[in-house]
2 protein chains.
Amino acid sequence: MDNLEINDLHVVPCVNSRFIQPSRVVFKQNGGQRTWDYLIVQNSVSCLVFNTTRQAFILVKQFRPAVYMHVNRKLHNKNSGANPVSVKADDSSMKALADASAGITYELCAGIVDQNISLKSLMKQELLEECGYNVPEENIHKITSCRAGVGSTGSVQTSFYAEVTDDMIIDGAGGGNLNEGERIEVFYLPLEKSREFVFDETKEKPLGLMFAFMWYFDKFKV
Amino acid sequence: MDNLEINDLHVVPCVNSRFIQPSRVVFKQNGGQRTWDYLIVQNSVSCLVFNTTRQAFILVKQFRPAVYMHVNRKLHNKNSGANPVSVKADDSSMKALADASAGITYELCAGIVDQNISLKSLMKQELLEECGYNVPEENIHKITSCRAGVGSTGSVQTSFYAEVTDDMIIDGAGGGNLNEGERIEVFYLPLEKSREFVFDETKEKPLGLMFAFMWYFDKFKV
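Bear in mind the structure is a predicted one, so any value in this text is a computation, not a measurement.

Undergrad: Got a minute to help me understand the relation of the copies chain A and chain B in this structure?
TA: Comparison of the two chain copies shows a relationship of rotation about an axis with a shift along it. In the superposition of chain A on chain B (RMSD 0.0 Å, axial shift 0.0 Å), the rotation amounts to 180 degrees. Interpreted geometrically, this transformation is the action of a two-fold axis. Looking at the interface residues of chain A, 100% of them are also at the interface in chain B, so both copies use one shared face.

Structure, rendered in C-alpha cells:
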C-alpha cells in the first residue's frame, strides 16, 4: 500500500443504499415506550492465520473508506447533508483531508455470510480469495462467536484459527475479489513482533483482530 | 432482567434518524473509481471492572433492540420497508418473535464520547451512572484503543481496566441514565467462572468484552 493514492473525493447524499438500510422499532419494555433505530447487517466470519513455515501471522491490509472518513469527520460534519464535501486534487480542501494512509487497516482474513454453505467452507473460500492459500477445512478451527455490534447492529461474528504452510500457497491467488472492488494486500506479521503490533495504536486494527490475538497469546503462552 | 417484557413491537420506516445518518463517499483509488456508504459514529470508551472485595467482574446486562431485531431478522426481511412489521401481544405474528430474552446482552460498562472531557473522566462518569461505583481516576487504566468497526463505521473504542472495592459503591446509583431510556442491570461475574462465561455462546456478548477478558486472562495468567 506504499503507492496508495486517493483523489477526487466527494461526499454525496446516500440515497437507496444497498448496504445501509436503517429501520426503526417501536415497542413497550415493561410498560415503558421505547424507540430504537438499527441496521440489519449480515453475519461474518474471520480467521487468525498462522503460517508455520514462516512463523508469521497472515493479515490483510487495505484502504477502508469508513475509517478514512471517520478520521476526516470534522471536515465532514461541516459539509455533510445539503452541502456535501466536494474535493479535487487541486482544491484547497483536499489539503485539509488526512493523508490517505490514515485509512489503511490491518485485519484478519474475513468475509460476510452471504452463501448457504457452512461457516468453515466460507472461511476456506475467503482464505483463498484474500490470502491466496488453499487451506484444508480440518486446519480451520472455530474459536467462538459473539456479537460484532450491540448498539446499531446485532450481527454475529464467528472467529476461527488456522495454521497453514507455504505448501498451501496458490500462485496468483489472493488480493480480494477485484470484481467487488476489493484491493487487499497480504501482510506477514512475524510471531516475535506480534505483541508489540497488537498494542501499537498507530496501526489501525478492528476489535475482532484484537480479540483473536489475545486469545492466541493466552492459549499458546507467547 | 428475569421479568423482562417486550410488547406492542412495530417496525416503522426510519425517517430522519438522529442516530443513523448514512453518507456516501465517491473517490478514485489509484485511478479506479470507488463508492462507499458509511456512517459517522461517535467514539466510545469501555471498562473491564474487577471488584476485589467480591473477586468478581462487574458487567452490565440490558435488552438491546438491535440484537433482538437481528435474531428476528427473517421476520423483518419479509415485512420491512413499505410493509413494516406490526406486532401486538395478541397477534399471531407476535408468536413468531423470539423470546425477549434473546435480546439480552452482557457488556462492559461503556459510554459514547460526547463530552469535551478526558476519556478517563468520561469512563469514571459511566462507572457511576451504570454500575453505581465512585471510582478514583487513578484506579482506571487504559489498556489500548482500536477501531470498533472498519466496514460501515470507523469509530475508535478505547478500553480501560479498573479495580474497585465495595467501599466505592454509592447507594442508589447505577442502572443507567433513565432519562435516556437506559434500563441497565449490574451483573457480578465471579472470577472463577469468567473463562467459562467468555466462551459460553448462549450468553450474548460484544467483541469489546471478549477482547478485554482475553487481555485479562493473558496478563494475570488465570
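Undergrad: Just to check I follow, could you spell out the nonpolar core for this structure?
TA: Where a protein is soluble and globular, its nonpolar side chains tend to be buried together. Of all hydrophobic cores here, the largest spans 46 residues; its most connected members are Phe 213 and Tyr 216 of chain A together with Phe 213 and Tyr 216 of chain B. Every residue in contact with Tyr 216 of chain B, bar those within four places of it in the chain, is listed here: Leu 48, Phe 50, Phe 57, Tyr 161, Leu 191, Lys 221 and Val 222 of chain B.

Undergrad: When you look at the pattern of salt bridges in this model, what are you seeing that I'm missing?
TA: Once their charged atoms are close, side chains differing in charge can pair, the charge on each being opposite to the other. Overall, the coordinates contain 18 salt bridges over all chains when judged by the stated rule. In this structure, Lys 203 of chain A and Asp 200 of chain A form a salt bridge, with 3.2 Å as the shortest nitrogen-oxygen distance. Judged by relative accessible area, which is 22%, Asp 200 of chain A ranks as partly exposed. A salt bridge links Lys 221 of chain B to Asp 218 of chain B, with the nearest nitrogen and oxygen atoms 3.9 Å apart. Residues joined in a network through salt bridges with shared partners are Arg 195 of chain A together with Asp 218 and Lys 221 of chain B.

Undergrad: Please explain the environment of Asp 99 of chain A as it appears in this structure.
TA: Residues and elements named next belong to chain A. The topology assignment puts Asp 99 in the loop between α3 (92–96) and β6 (104–107). Looking at Asp 99, the relative accessible area reads 57%, which means it is exposed. For the pair Asp 99 and Asp 37, spaced 62 residues apart in sequence, the C-alpha separation works out to 33 Å. Polar contacts involving the side chain of Asp 99 include one to the side chain of Ser 101, which spans 2.7 Å.

Undergrad: What should I look at first to understand the layout of surface pockets in this one?
TA: A water-sized probe, rolled over the atoms, reveals where empty space remains. What the second largest pocket holds in volume is close to 190 Å³. Forming the boundary of the second largest pocket are 12 residues, of which Gln 29 and Asn 30 of chain A together with Met 1, Leu 4 and Arg 183 of chain B lie nearest the centre. Sorting elements by how many residues they give to the lining of the second largest pocket places strand β3 (residues 32–39) of chain A first, with three residues. Classifying every residue of the lining of the second largest pocket gives three nonpolar, six polar and three charged.

Undergrad: Please clarify how the packing of aromatic side chains should be interpreted in this entry.
TA: Between two aromatic rings, the relevant description is the distance of the centres plus the angle of the planes. All names here are of chain A. Evaluation of the coordinates by the stated rule reveals 32 aromatic pairs over all chains. Taken together, a centroid distance of 6.3 Å and an interplanar angle of 90 degrees make the contact between Trp 215 and Phe 220 edge-to-face. Of the residues examined, Phe 220 reaches a relative accessible area of 33% and is grouped as partly exposed. Between Tyr 216 and Phe 217, the aromatic rings sit 6.4 Å apart at their centres with planes inclined by 80 degrees, giving edge-to-face as the arrangement. The residues Tyr 216 and Phe 217 share a single accessibility class, namely buried. Three or more aromatic residues joined by ring pairs make a cluster, and in this case those are Phe 50, Phe 57, Tyr 161, Phe 213, Trp 215, Tyr 216, Phe 217 and Phe 220.

About the criteria used
- Residues numbered from 1 in each chain as written.
- Chains lettered and ligands numbered in written order.
- Predicted model: local features only at pLDDT ≥ 70, side-chain atom pairs only at ≥ 80, totals over all residues.
- Heavy atoms only, no water.
- Least-squares fit on C-alpha atoms with pLDDT ≥ 70 in both.
- Contact = heavy atoms within 4.5 Å.
- Core = buried A, V, L, I, M, F, W, Y, C linked by side-chain atoms within 4.5 Å.
- Buried < 20%, exposed > 50% of the residue type's maximum accessible area, 1.4 Å probe, protein only.
- Salt bridge = Lys/Arg side-chain N within 4 Å of Asp/Glu carboxyl O.
- Helix = DSSP H or I, 4+ residues; strand = E, 2+ residues; numbered from the N terminus.
- Polar contact = N/O pair within 3.5 Å; in protein donor to acceptor, adjacent residues only side chain to side chain.
- 1 Å grid on protein atoms, 1.4 Å probe; cavity = no way out; pocket = protein on both sides within 12 Å on 5 of 7 lines; lining within 4 Å.
- Points joined across faces, edges and corners; volume = space filled by probe spheres on them.
- Nonpolar A, V, L, I, M, F, W, Y, C, P; charged D, E, K, R; others polar.
- Phe/Tyr/Trp six-rings, centres within 6.5 Å; stacked < 30°, edge-to-face > 60°.

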